[in-house]
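Commentary on secondary and tertiary structure
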Amino acid sequence: MRVLGVDPGLTRCGVGVVEGVAGRPLTMLGVGVVRTPADADLGHRLVAVERGIEEWLDRHRPEFVAVERVFSQHNVRTVMGTAQASAVAMLCAARRGIPVALHTPSEVKAAVTGSGRADKAQVGAMVTRLLRLDAPPKPADAADALALAICHIWRAPAQNRLQQAVDRHTARGPRVPPAQHPAPKGRTA
């Protein structure tokens, strides 16, 4: 399985490609950051993010795209830019028919480090170890993109099995016991 991980952002959008299957050693095929100038017009920044992601899709031909699910309780301005970059990544993948998976930051941290509360340094250290790299990818956005790809490779088989079970259950229809109707009044058996 080849996965492009995208850590969305307008100034720095982390991208990383990992190949492998759950339970086997993984291989990093590429890592980087799509950058846009903070003082540029929003529309131009989104186009730059799109072009950068399109280049990564052209170069690496992933089977899946894993994007960080946008979540924030504090800075609305930052989360808006992140959400816009996330939407661009999803649009680029959808345009090509590539399935997109969204993973929360805590899911990614838990998958890669074993703790959903791990800090950036711990994620970077585990990405370095899991992909047998000489040093953690810089900036942290790049390491986070690789962590997203790793998370998806490891979680996808279990998620697929769960979805298949739901699909089978839905196809059969809900199991509802036959209605218990009381016998009409005045009649006896």
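Quick summary incoming for the structure in this document. Being a predicted model, the structure only gives us computed values, none of them experimental.

1. As for the overall build of the protein chain
On a plain count of helices and strands, the protein chain comes out with five helices and five strands. Along the protein chain, from the amino end to the carboxyl end, the secondary structure elements read β-β-β-α-β-α-β-α-α-α. Burial status across the protein chain gives 37% buried among its 189 residues. Restricting to contacts in the protein chain with at least 6 residues of sequence separation, those with at least 24 account for 63%. For the protein chain, the exposed area adds up to about 11,300 Å²; of that, 54% sits on carbon and sulfur atoms.

2. Considerations on the packing of helix 1 (residues 42–60) against helix 2 (residues 76–95)
Axis separation between helix 1 and helix 2 bottoms out at 9 Å; the angle between their running directions is 40°. It follows that helix 1 is oblique to helix 2 by the angle criterion. Both helix 1 and helix 2 take part in a crossing whose hand is right-handed. Each of L42, L46, V49, E50, I53, E54 and L57 in helix 1 lies in contact with helix 2, whose residues at this interface are Q84, A85, V88, A89, C92, A93 and R95. Tallied by class, the residues present in the contact of helix 1 with helix 2 amount to ten nonpolar, one polar and three charged.

3. A look at the sheet that holds strand 5 (residues 100–103)
The strands making up a sheet associate through backbone hydrogen bonding, with each pair oriented either parallel or antiparallel. Spatially, 3-2-1-4-5 is the arrangement adopted by the five strands of the open sheet, whose pairing is mixed. Each end of this open sheet is capped by a strand with a single partner; those strands are strand 3 (27–35) and strand 5. For this sheet the average axis-to-axis angle between neighbouring strands, irrespective of direction, equals 20°. Relative to strand 4 (residues 64–68), strand 1 (residues 2–7) runs parallel, the two sharing four bridges. Residue L4 lies in a different strand from strand 4, and its bridge partner there is V65. Across the face of the sheet, helix 2 comes into contact with strand 1, strand 4 and strand 5 while running at roughly 170° to strand 4.

4. Some points on the pattern of salt bridges
For the structure on display, the rule yields eight salt bridges. Of the charged contacts, one joins R95 and E54 as a salt bridge, the two residues approaching to 2.9 Å between their closest N and O atoms. Placement of R95 in helix 2 and of E54 in helix 1 is noted, with a sequence separation of 41 residues between them. Here R96 and D58 are joined by a salt bridge, their closest N and O atoms 2.6 Å apart. Of this pair, R96 sits in the loop between helix 2 and strand 5 while D58 sits in helix 1, placing them 38 residues apart in sequence. Because the salt bridges share partners, they merge into one network encompassing E50, E54, D58, R95 and R96.

5. Things to note about the packing of aromatic side chains
Any aromatic ring pair is given by two values, namely how distant the centres are and how the planes are angled relative to each other. A complete count under the given rule lists zero aromatic pairs for this structure. The side chain of R59 reaches across the aromatic face of W56, ending 5.2 Å from its centre.

6. Section: the pairing of strand 4
Each regular strand shows side chains that alternate between the opposite faces of the sheet. In terms of burial, strand 4 is a largely internal element, four of the five residues being buried. The sheet contact formed by strand 4 and strand 5 spans four bridges and is parallel. Of the residues in strand 5, the one forming a bridge with V65 is V100.

7. Some points on the nonpolar core
L4, V6, I53, L57 and V65 are the most contacted members of the largest nonpolar core, which has 19 residues in total. When contributions to this core are tallied by element, the ones reaching two or more residues are strand 1, strand 2 (12–19), helix 1, strand 4 and helix 2. It is helix 2 that contributes the most residues to this core, five residues altogether. When sequence neighbours within four positions are dropped, the list of residues in contact with I53 reads V6, C13, V34, A89 and C92. Counting residues in hydrophobic clusters, the runner-up holds 17 residues, among them V108, V112, L146 and I150.

Reading the values: the criteria
- Residues numbered from 1 in each chain as written.
- Predicted model: local features only at pLDDT ≥ 70, side-chain atom pairs only at ≥ 80, totals over all residues.
- Heavy atoms only, no water.
- Helix = DSSP H or I, 4+ residues; strand = E, 2+ residues; numbered from the N terminus.
- Buried < 20%, exposed > 50% of the residue type's maximum accessible area, 1.4 Å probe, protein only.
- Contact = heavy atoms within 4.5 Å.
- Areas by Shrake-Rupley, 256 points an atom, 1.4 Å probe, with all protein chains shown as cover.
- Axes fitted to C-alpha atoms, helices over the stretch in contact; angles between N-to-C directions.
- Parallel < 35°, antiparallel > 145°, perpendicular 65-115°, else oblique.
- Left-handed = near helix turned anticlockwise from the far one by under 90°.
- Nonpolar A, V, L, I, M, F, W, Y, C, P; charged D, E, K, R; others polar.
- Pairing = 2+ DSSP bridges.
- Salt bridge = Lys/Arg side-chain N within 4 Å of Asp/Glu carboxyl O.
- Phe/Tyr/Trp six-rings, centres within 6.5 Å; stacked < 30°, edge-to-face > 60°.
- Lys NZ or Arg CZ within 6 Å of the ring centre and 35° of its normal.
- Core = buried A, V, L, I, M, F, W, Y, C linked by side-chain atoms within 4.5 Å.

Limitation: the analysis is restricted to geometry and does not speak to function.
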